[in-house]
Amino acid sequence: MKFTAGQIAELLNGKVEGNEEAIVRNVSKIEEGKPETLTFLANSKYNHYIYTTKAEVVIVNDSFVAEKEINSTLIRVPNAYEALAQLLEMYEQSQPQKTGIEQPSFVSDSASLGDFVYVGAFAYIGDNVTIGDNVKIYPQAYIGDNVKIGDNTTVYSGVKVYKNCAIGASCTIHAGAVIGSDGFGFAPNTNNEYKKVAQIGNVILHDHVEIGANTTVDRATMGSTVIEKGVKLDNLIQIAHNVEVGENTVIAAQTGIAGSTKLGKDCMIGGQVGIAGHINLANGTKAGAQTGISKTIKKEDTVLFGSPHLEIGDFHRSYVVFRRLPQLKAQLDELIKKSKA
Amino acid sequence: MKFTAGQIAELLNGKVEGNEEAIVRNVSKIEEGKPETLTFLANSKYNHYIYTTKAEVVIVNDSFVAEKEINSTLIRVPNAYEALAQLLEMYEQSQPQKTGIEQPSFVSDSASLGDFVYVGAFAYIGDNVTIGDNVKIYPQAYIGDNVKIGDNTTVYSGVKVYKNCAIGASCTIHAGAVIGSDGFGFAPNTNNEYKKVAQIGNVILHDHVEIGANTTVDRATMGSTVIEKGVKLDNLIQIAHNVEVGENTVIAAQTGIAGSTKLGKDCMIGGQVGIAGHINLANGTKAGAQTGISKTIKKEDTVLFGSPHLEIGDFHRSYVVFRRLPQLKAQLDELIKKSKA
Amino acid sequence: MKFTAGQIAELLNGKVEGNEEAIVRNVSKIEEGKPETLTFLANSKYNHYIYTTKAEVVIVNDSFVAEKEINSTLIRVPNAYEALAQLLEMYEQSQPQKTGIEQPSFVSDSASLGDFVYVGAFAYIGDNVTIGDNVKIYPQAYIGDNVKIGDNTTVYSGVKVYKNCAIGASCTIHAGAVIGSDGFGFAPNTNNEYKKVAQIGNVILHDHVEIGANTTVDRATMGSTVIEKGVKLDNLIQIAHNVEVGENTVIAAQTGIAGSTKLGKDCMIGGQVGIAGHINLANGTKAGAQTGISKTIKKEDTVLFGSPHLEIGDFHRSYVVFRRLPQLKAQLDELIKKSKA
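Residues numbered from 1 in each chain as written. Chains lettered and ligands numbered in written order. Predicted model: local features only at pLDDT ≥ 70, side-chain atom pairs only at ≥ 80, totals over all residues. Heavy atoms only, no water.

### A closer look at the sheet that holds strand E9 (residues 106-107) of chain A
Backbone-to-backbone hydrogen bonds join strands into a sheet, with any given pair of strands oriented parallel or antiparallel. Pairing within the open sheet is parallel, and its 10 strands lie in the order E9-E12-E15-E18-E21-E26-E29-E32-E35-E38 (chain A). The outermost strands of the open sheet, each flanked by one partner alone, are E9 and strand E38 (292-293) of chain A. (Pairing = 2+ DSSP bridges. Helix = DSSP H or I, 4+ residues; strand = E, 2+ residues; numbered from the N terminus.)

### Side note on the UniProt feature "active site" (unreviewed entry) in chain A
Residues and elements named next belong to chain A. Under the present numbering, the feature "active site" (unreviewed entry) in UniProt falls on His241. Checked against the element boundaries, His241 lands in the loop between strand E29 (238-239) and strand E30 (244-245). Judged by its relative accessible area of 13%, His241 falls in the buried class. In contact with His241, other than residues within four places in its own chain, are Gly183, Phe184, Gly185, Gln199, Asp218, Arg219, Ala220, Thr221, Thr225, Gly259 and Ser260. A polar contact is formed between the side chain of His241 and the side chain of Gln199, at a distance of 3.0 Å. (UniProt positions renumbered as here; feature names shortened; annotations may be inferred. Buried < 20%, exposed > 50% of the residue type's maximum accessible area, 1.4 Å probe, protein only. Contact = heavy atoms within 4.5 Å. Polar contact = N/O pair within 3.5 Å; in protein donor to acceptor, adjacent residues only side chain to side chain.)

### What about the relation of the copies chain A and chain B?
Mapping chain A onto chain B leaves a residual RMSD of 0.1 Å; the transformation is a rotation of 120° accompanied by 0.0 Å of translation along its axis. Such values leave the two copies arranged in the relation of a three-fold axis. (Least-squares fit on C-alpha atoms with pLDDT ≥ 70 in both.)

### Comments concerning the interface of chain A and chain B
Contacts between the two partners involve 75 residues from chain A and, on the opposite side, 65 residues from chain B. For the pair chain A and chain B, the summed buried surface comes to about 5,400 Å²; carbon and sulfur atoms form 62% of the total. A per-residue breakdown of the area chain A buries against chain B is headed by Phe184(A), Tyr194(A) and Met222(A), which together make up 14% of the total. Our enumeration of links across chain A and chain B arrives at 5 salt bridges. A salt bridge links Glu244(A) to Lys29(B), with the shortest nitrogen-to-oxygen separation between them at 3.9 Å. Taken together, chain A and chain B are joined by 32 residue pairs in polar contact (both at pLDDT 80 or more). At the level of elements, strand E21 (178-181), strand E22 (186-188), strand E23 (194-196), strand E26 (216-218), helix H3 (312-323) and helix H4 (325-340) of chain A are the ones that each hand at least two residues to the side of chain A that touches chain B. Tallied by class, residues from the side of chain A that touches chain B come to 32 nonpolar, 29 polar and 14 charged. (Buried area = accessible area lost by both parts, 1.4 Å probe. Salt bridge = Lys/Arg side-chain N within 4 Å of Asp/Glu carboxyl O. Nonpolar A, V, L, I, M, F, W, Y, C, P; charged D, E, K, R; others polar.)

### A closer look at the interface of chain C and chain A
Interfaces are often sized by the accessible area lost when the parts come together. Each side of the interface is counted separately: chain C has 75 residues, and chain A has 65 residues. Summing both partners gives a buried area of about 5,400 Å² for chain C against chain A, and 62% of it is carried by carbon and sulfur. In terms of surface lost to chain A, no three residues of chain C exceed Phe184(C), Tyr194(C) and Met222(C), which account for 13% of the buried area on that side. For the interface between chain C and chain A, the tally reads 31 residue pairs in polar contact (both at pLDDT 80 or more). Those elements that provide at least two residues to the side of chain C that touches chain A are strand E21 (178-181), strand E22 (186-188), strand E23 (194-196), strand E26 (216-218), helix H3 (312-323) and helix H4 (325-340) of chain C. Within the side of chain C that touches chain A, the residues separate by chemical class into 32 nonpolar, 29 polar and 14 charged.

### Things to note about helix H1 (residues 5-12) of chain A
Residues and elements named next belong to chain A. Burial in H1 covers these residues: Ala5, Gly6, Ile8, Ala9 and Leu12. In an axial view of H1, the angular spread of the buried residues amounts to 160°, which keeps them on one side of the axis. Asn13 sits one or two residues past H1 and shows a positive phi near 60°. (Arc of directions from axis to C-beta.)

### Digging into H4(C)
The first and last C-alpha atoms of H4(C) sit 22 Å apart over 16 residues, in line with the 22 Å expected at 1.5 Å per residue. Close packing links the buried residues of H4(C) with H4 of chain A, helix H3 (312-323) and helix H4 (325-340) of chain B together with H3 of chain C. (Expected span 1.5 Å × (residues − 1).)

### Comments concerning the side chain of Thr249(C)
Residue and element names in this part refer to chain C. Examined against the element boundaries, Thr249 turns out to sit in the loop between strand E30 (244-245) and strand E31 (250-251). Residue Thr249 is classed as buried on the basis of its relative accessible area, which comes to 0%. Looking at Thr249, its side chain comes within polar contact range of the main-chain nitrogen of Cys267, at 2.9 Å. Aside from chain neighbours lying at most four places away, what touches Thr249 is Gly230, Val231, Lys232, Leu263, Gly264, Lys265, Asp266 and Cys267.

### Regarding the packing of aromatic side chains
How two aromatic rings sit relative to each other is given by the distance of their centres and the angle of their planes. Inspection of every chain in the model, using the stated rule, returns 45 aromatic pairs over all chains. Geometrically, the ring pair formed by Tyr118(B) and Tyr138(B) is edge-to-face, given 5.3 Å between the ring centres and 85° between the ring planes. Here Tyr138(B) lies in the loop between strand E14 (136-137) and strand E15 (142-143) and Tyr118(B) lies in strand E11 (residues 118-119), a separation of 20 residues in the sequence. Owing to a relative accessible area of 1%, Tyr118(B) belongs among the buried residues under this scheme. Under the relative-accessibility criterion, Tyr138(B) is labelled buried at 12%. What links up through ring pairs into an aromatic cluster is the set Phe305(A), Phe315(A), Tyr319(A), Phe322(A), Phe305(B), Phe315(B), Tyr319(B), Phe322(B), Phe305(C), Phe315(C), Tyr319(C) and Phe322(C). (Phe/Tyr/Trp six-rings, centres within 6.5 Å; stacked < 30°, edge-to-face > 60°.)

### Let's talk about the sheet that holds strand E10 (residues 112-113) of chain C
All names here are of chain C. The sheet built from 9 strands is open, its strands ordered E10-E13-E16-E19-E24-E27-E30-E33-E36 with parallel pairing. The open sheet has two edge strands, E10 and strand E36 (280-281), and neither has a second partner. Two strands pair when backbone bridges link them, and E10 and strand E13 (residues 130-131) are joined in this way by 2 bridges, in the parallel orientation. Bridge pairing in E13 places Ser112 opposite Thr130.

### Points about the pairing of strand E27 (residues 224-227) of chain B
Residue and element names in this part refer to chain B. The alternating pattern of E27 places Ser224 and Val226 on one face and Thr225 and Ile227 on the opposite face, and all of these are buried. Across 2 bridges, E27 lies against strand E30 (residues 244-245) in parallel orientation. Note on E30: the bridge partner recorded for Ile227 is Val245.

### Here we look at empty space enclosed by the protein
The final tally for this structure, using the stated rule, is 6 cavities of 30 Å³ or more. Of the volumes computed, that of the largest cavity is approximately 680 Å³. If you trace the largest cavity, you find 37 residues lining it, with Gln290(A), Gln290(B), Ser307(B), Gln290(C) and Ser307(C) closest to the centre. Looking at the lining of the largest cavity, the elements with two or more residues in it are H3 of chain A, H3 of chain B together with H3 of chain C. Of the residues assigned to the lining of the largest cavity, the class counts are 21 nonpolar, 16 polar and no charged. Taken together, 19 residues make up the lining of the second largest cavity; nearest its centre are Gly158(A), Lys160(A), Gly158(B), Lys160(B) and Gly158(C). Counted by class, the lining of the second largest cavity contains 4 nonpolar, 12 polar and 3 charged residues. (1 Å grid on protein atoms, 1.4 Å probe; cavity = no way out; pocket = protein on both sides within 12 Å on 5 of 7 lines; lining within 4 Å. Points joined across faces, edges and corners; volume = space filled by probe spheres on them.)

If you want it as structure tokens, here you go:
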């Protein structure tokens, strides 16, 4: 590829500061910028790199104020990260796209495939499956009986979708993710043995959902485990049976949500968070990494931290003292000694 | 399907309260109950839904006492959850079952398959494998050389069983689980490099074991990693080399057990728990979610919480004070000021 | 197999104490030692077993001093664990090795395979893939377009490598691992919706890297996610986009590293550790299990514990007091009462 700063600015509706004719042939990270590459600056932690980067062109926020001279040409846009996203998407879409049915693959006679689908070799498409237009099913993916997949969805290699689940349009499911495995339900008997409770429900992923690599979403005991529109789940996340995750909620890697819990809309959950079963989180709940959420959160936009969770400010105020507990104890012991004297 | 309340009560040995002729055609959750559906009430947290549910029939515990009028027909049984499990199982067994050998699949000439097995397309069955009767091997599963699988076991799509492992009868292994990967053993040399220690042992799963989706069970360095009869492991669990998990122990999702640790019988381990290597947990040990168990637990039925673990009551008593540490510090500072004055 | 103690000592350059003609036909763990087996003692926690083990021959460190009579024959070596590793490797290499191209498999016409490779049934090798000599690709593995794999690397069943990634020589990638899935990058818009940021970078694994079962390594947004030479990753680990892990760093199971973070060389990270994004860890950083590392660590060889992390000594000194907080509070309340009186 080869573009000038001026051409890119036009694509992005941005303003060039510097050489309109500066040429970029590739992209790079700002801290590793090379000549003839384009980079971006969105996180202020990386501001200092802009004065030394060798990148030819840097996309920056309109609000960015330089404190020293900058050698690179700048393109100013309202939101540098969004502008980058736009460019990367154009690049990605210019790449060759998979299409057609590779052999050997297994497609049930009763399955129905839309137009322009890709079915990779060794993919398995079960009975009565319905697959929309422009869907990509990568090699070795498994689509169980009666599953429905909406238009423009991509299912990467090795994804396993159990029978009766429903996947919306414009979803992306990454390699190794498992959708619809049995919920963890067992009825104990008097010998301390556990009898499996058959899990006859399913999983519903609504449109624009992204599921990370090796993430697992269990089917409901009865009814559905539901991932609403626009939800983004990172890798290695566990979603238990009958959980519901509200619209546009994002969850970072290795978080687990126990059975029957409901998350509201627009929640932001950090990595390795644990959320107890049978509770509700209000819209806009946020949780820092490794938080353990043990109870229903009723107030919207609450920010949680710690395990078991506290409001984040409360946690940090307590943790500051936790770090000084040995001194605090020494002070107390001293006082006790004094008071006895 | 179509049943009357009376027919279901007969199946369950239960007692109808209300309309014996009430008809159910499907199941639902109590909070989303619909006409002509059957639901259940086992967890008292959901008691209030029984007065408003639209479900036609509700299975309840004999001990349930109504506080208001209920529109639904009730079926009283000694244990509503067990009764539900029984019904769901009947339903599940009434569904079409997979059977036969789909093509293309790979079955070694030296492998031996029992009667009524299912081998899905793209499944791989290695040399000298022995598979019992009524076993289901779903598409894209991998059964390495010399593996044995007992009768009535189900291995879902994409499960990987490394060579020489042994799986009992009536086990269920969910999609993406890995049985028999190498233990994490490396011998450091003087250059800080690590030389791999070959892992020549195996994994033994005894009968009635359930392994969750994407859970990993490493093979032993020497000897066997052992999962005893009736153990239930949820999704995304890590079992390291040479671990032993005792009979009827249940472990929730994303828990990890480090090498050579032994868990007793009837333990109940929450989600995201970490258990250190080379320790033992007594029979009946319980641990809350996110607990970090760092030392051997000798007393049976101990309940643990926190990281590093304490007995649960001790943890909560300390955590109550932790939450008030800023006030406690202020009080102490005040006293010190006073005592100086 | 059948060896005498004398023969094994010669292989290991060790010294026999006892019967040079003692025969071993198998290996065992010291606590389960059986006649005609070889075992080893490296971890002093297991010292007491040496006086009762039934193993014929025990490999011990030169520095081991017996406190009672030992029935087994000893072989003394400078490092028992290393010696064991050497023996197990010889054993492993004496086992039958997979080779050749099993059918059906999918190898693109434009892919290039080295000598003596194994390609298992249902493995998928995409366009322009380059695979070195002696590489083993197990059944149902997926090697995306343009991937390069160095000599002597083993890729186990069901591994998924996305397009454009590079894997070094002498690497081992365990079943279900995913290399090169999209980083978790989304640009929020004003409706609280998230627009996917295309992830156009790749993953580079250098030589002698081991990746555990079901571990996920995301591709970079731009540039590369880099795992340096000699790094060992356990199972179910999450490595986010643009992370760099330095040479010979080892990381235990279920740890997660957020985006753009850089770990130095020779770090040792315990299980279930969480490491925040956009930070750096100095060479030799160590972290106990479940630690939450929230900030850059500049001092080499720092040992961390707790969440959020403290230096390990500081954490334990505080935690000792945490355990006694209820008493501490009672003492304080008593003092306050006194001071008011």
